[in-house]
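The chain contents come next:
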Amino acid sequence: MIRSDAPVLLEVRDLRASVDDQPILHGVNLTIRAGEIHAVMGRNGSGKSTLSKVLAGHPAYTVTGGSVTYRGQDLLELEPEQRARIGLFLGFQYPVEIPGVSNLEFLRVATNARRQERGETELDTFAFEDLVNTRLAVVQMDPAFLERSVNEGFSGGEKKRNEILQMALLEPVVAILDETDSGLDIDALRIVAGGVNQLASPDNATLLITHYQRLLDLITPDHVHVMAAGRILRSGGPELAHELERIGYDWVDQELALTEVG
Amino acid sequence: MVATTRAHTWQDLAGAALPTRRSEDWRFTDLAALAAIEPRPWSGSDPLGSLQLPAGVTRLPEAELDAVAGQSLARTGCSEHWPVRLNVGARPVRLGLRVAAGAEPLRLELDAGSAGELLALHLVLLLEPGASLALSQRLSASGAAVCSLVCEAQLAAAARLHWGLVAQGHSSAALLGHLAVTQEPGSSLDLVTVSSGWGLSRLEPRVQQSQGAARTRLRGLQWVDDNQLADTHSLVRFDGPDGQLDQLHKTVAAGAGRSVFNGAVQVPRAAQRTDAAQLSRSLLLSDRARVDTKPELEIVADDVKCAHGATLSRLQQDELFYLQSRGIAADQASRLLLAGYCQDVLRELPDAAAPWPPTAAPFREP
Ligand SMILES: Nc1ncnc2c1ncn2[C@@H]1O[C@H](COP(=O)(O)OP(=O)(O)OP(=O)(O)O)[C@@H](O)[C@H]1O
Ligand SMILES: [Mg+2]
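Residues numbered from 1 in each chain as written. Chains lettered and ligands numbered in written order. Predicted model: local features only at pLDDT ≥ 70, side-chain atom pairs only at ≥ 80, totals over all residues. Heavy atoms only, no water.

Chemist: Explain the site of ligand 1 residue by residue, including any values.
Modeler: All names here are of chain A. Lining the immediate surroundings of ligand 1 are 14 residues, of which Gly45, Lys48, Ser49, Thr50 and His211 lie closest. Starting from 630 Å² of accessible surface for ligand 1 in isolation, the protein chains cover 62%. No other element matches helix H1 (residues 48–56), which puts 3 residues into the shell around ligand 1. Residue composition of the shell around ligand 1, by class: 3 nonpolar, 8 polar and 3 charged. (Near = heavy atom within 4 Å. Areas by Shrake-Rupley, 256 points an atom, 1.4 Å probe, with all protein chains shown as cover. Helix = DSSP H or I, 4+ residues; strand = E, 2+ residues; numbered from the N terminus. Nonpolar A, V, L, I, M, F, W, Y, C, P; charged D, E, K, R; others polar.)

Chemist: Please give an account of the packing of helix H4 (residues 125–139) of chain A against helix H6 (residues 156–170) of chain A that cites residues and values.
Modeler: All names here are of chain A. The N-to-C vectors of H4 and H6 enclose an angle of 125°; their axes lie 9 Å apart at closest approach. By the criterion of interaxial angle, the relationship of H4 to H6 is oblique. Viewed along their axes, H4 and H6 form a crossing whose handedness is right-handed. Here H4 contributes Phe128, Leu131, Val132, Arg135, Leu136 and Val139 to the contact with H6, which in turn contributes Arg161, Ile164, Leu165, Ala168 and Leu169. (Axes fitted to C-alpha atoms, helices over the stretch in contact; angles between N-to-C directions. Parallel < 35°, antiparallel > 145°, perpendicular 65-115°, else oblique. Left-handed = near helix turned anticlockwise from the far one by under 90°. Contact = heavy atoms within 4.5 Å.)

Chemist: Any chance you could break down the packing of aromatic side chains for me, citing the residues and the numbers?
Modeler: Following the criterion strictly, the structure yields 4 aromatic pairs over all chains and no others. Each ring, one from Phe92 of chain A and one from Phe321 of chain B, has its centre 5.8 Å from the other, and the planes form 55°; the classification is tilted. With Phe92 of chain A in the loop between strand E6 (88–91) and strand E7 (98–102) and Phe321 of chain B in helix H6 (residues 317–324), this residue pair bridges two chains. Taking the relative accessible area as the measure of exposure, Phe321 of chain B reaches 0% and is therefore buried. A centroid spacing of 5.8 Å and a plane angle of 20° characterise the contact between Phe106 of chain A and Tyr322 of chain B, whose relative ring orientation is stacked. Of this pair, Phe106 of chain A sits in helix H3 (residues 103–117) while Tyr322 of chain B sits in helix H6, each in a different chain. (Phe/Tyr/Trp six-rings, centres within 6.5 Å; stacked < 30°, edge-to-face > 60°. Buried < 20%, exposed > 50% of the residue type's maximum accessible area, 1.4 Å probe, protein only.)

Chemist: Describe in detail the nonpolar core, supporting the description with residues and values.
Modeler: Proteins that are soluble and globular tend to have nonpolar side chains buried together. Residues Leu10 and Leu15 of chain A are the most contacted members of the largest nonpolar core, which totals 93 residues. When residues in this core are grouped by element, the largest group, 6 residues, is from strand E1 (residues 8–19) of chain A. Other than its neighbours up to four places away in sequence, Leu10 of chain A contacts Leu30, Thr31, Ile32, Leu55, Val68, Thr69, Tyr70, Leu75 and Val174 of chain A. One finds Leu106, Leu139, Trp163 and Val236 of chain B within the second-largest nonpolar core, a separate group that totals 50 residues. (Core = buried A, V, L, I, M, F, W, Y, C linked by side-chain atoms within 4.5 Å.)

Chemist: Could you give me a rundown of the coordination of the magnesium ion (ligand 2), with the residues and numbers involved?
Modeler: All names here are of chain A. On the protein side, the magnesium ion (ligand 2) has Ser49 (OG) and Gln93 (OE1) as donor atoms, found 2.0 to 2.1 Å from it. Of this pair, Ser49 sits in helix H1 while Gln93 sits in the loop between E6 and E7, placing them 44 residues apart in sequence. Here Ser49 and Gln93 have matching classes, each one buried. (Donors = N, O, S within 2.8 Å, 3.2 Å for Na, K, Ca; no water.)

Dropping the structure here:
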């Protein structure tokens, strides 16, 4: 839903970042307003995950230029945990396995960190179990996954559902979902997309990173961006995704060659 | 001449000079710290005064204790080890127990205090055929102290012993412990040792499968910080075929702590079809910490499976970041990861529900 007067939640300006002195992001621009759903597409290696990790504050990436403003606040000066507490969420392309740490305990600590920031009371084990059960329903996940170590031994699709469960618990303001659809079977894709739609509201925003139209058939984006060589090369409406489905990414090379000449 | 009951040096007490780092067994572990302390005998109350024996566990008569004491030490080849000699010389509190089938869990707690005294215990367990016992042993020190522990266990055929030793010390305390177990065929041993906080800790679990065909599962966790040193020297010997060993030893080394693990596995010719696996995992939390770990496999039999491995790692940046990206502060995230790392040893304690000693530094809330 596009309302040009809706407040800007995330403003990325000429963002540049590198890893091990290797530049990867070469000036990303992106404005996300409340109520919007954005999709970022692009070839493998074009920098989509890098953008998401830089926004979430991964220490391996160094920001070398540009700015990111989150609800009027400089995001880049905040620690990763602080970014999460004020409502930024990253659904990982590759969720991390943490042996020995109970999923339930992890979810509870994370939820309480966010609640504390919002001035809400911390939930004890029992209150949290009630909450988590309502959220499990959103992703139709088996409670047995709560008893296991975080993501340990989860299948690819189970990990992705666990990410959406975390999103449902943390109720983010801006959710970045990095290829949450890959690895999901057809039913799981519907469930996860249903969950994302259910959590979307006029007050929050979602940035979907995906390769596939089939996700965008279920979650209609307001804006579609194509990333190439560390920047956003083209933006449009949902029709841009359909066009990509038809013509692929060959045009990207020509356009990149042009920008380099220019 | 006035007779004195008081030894003036550790050497007098043990009847042998302190081992030095020139001997291979003590290469990484310096007992010099001990030499700086004057050995003072225990003057506190009877450390076993409050001991309650559960159903199925009875005291051995003195004469029988005299007869069996030392057998497991001899059979696991450590009667002459310096810490064992020290224990003998220190005139330890002795406790001999017979365990029958269906025995209830036993709890043994020893506190070496902080008065700078030497507390010595010699424990002998006889598990009858088919007996089983869950033994939770806790050792602690709250200041200067030396704790000398010699435990022997004989597992008769089909006996099962699940033994957890949690030793939570102090930077000015030392622990010297030998845990010698002999296993008859069909018996099963789960031995879990956890030590943290001692200025010096040396634990020697030693197991002999007298005719093979027994099951041995060893779990170890040691934690060092500041200038602490923890050393585990384990030995498992198979004197017959078809024995099994599953061993995991984990270390957390923080501050300027030093950790030593030496895992000997002896598979002589008689021990065909032995199946042994040993894994040593170390987590290094600081650049000043030091870890030395060494498997010591002596395999003569040819039809055996013997796997061993050692890993050394640091806290994983991606794991930390994942937790942080969910709003968990870096220090709490580290603590969660550390607790997770320790969990696969701690959860194997017989009383796993009981929490890790709350004073263990990394679990202390800031
Ligand atoms: N930590 C890193 N170390 C080295 N190179 C990196 C690192 N992170 C990213 N890169 C490189 O940066 C480029 C962009 O990677 P990124 O993961 O952002 O791509 P992507 O668009 O998410 O690709 P995909 O669609 O395959 O997920 C790649 O060439 C990648 O190899
Ligand atoms: Mg990616």
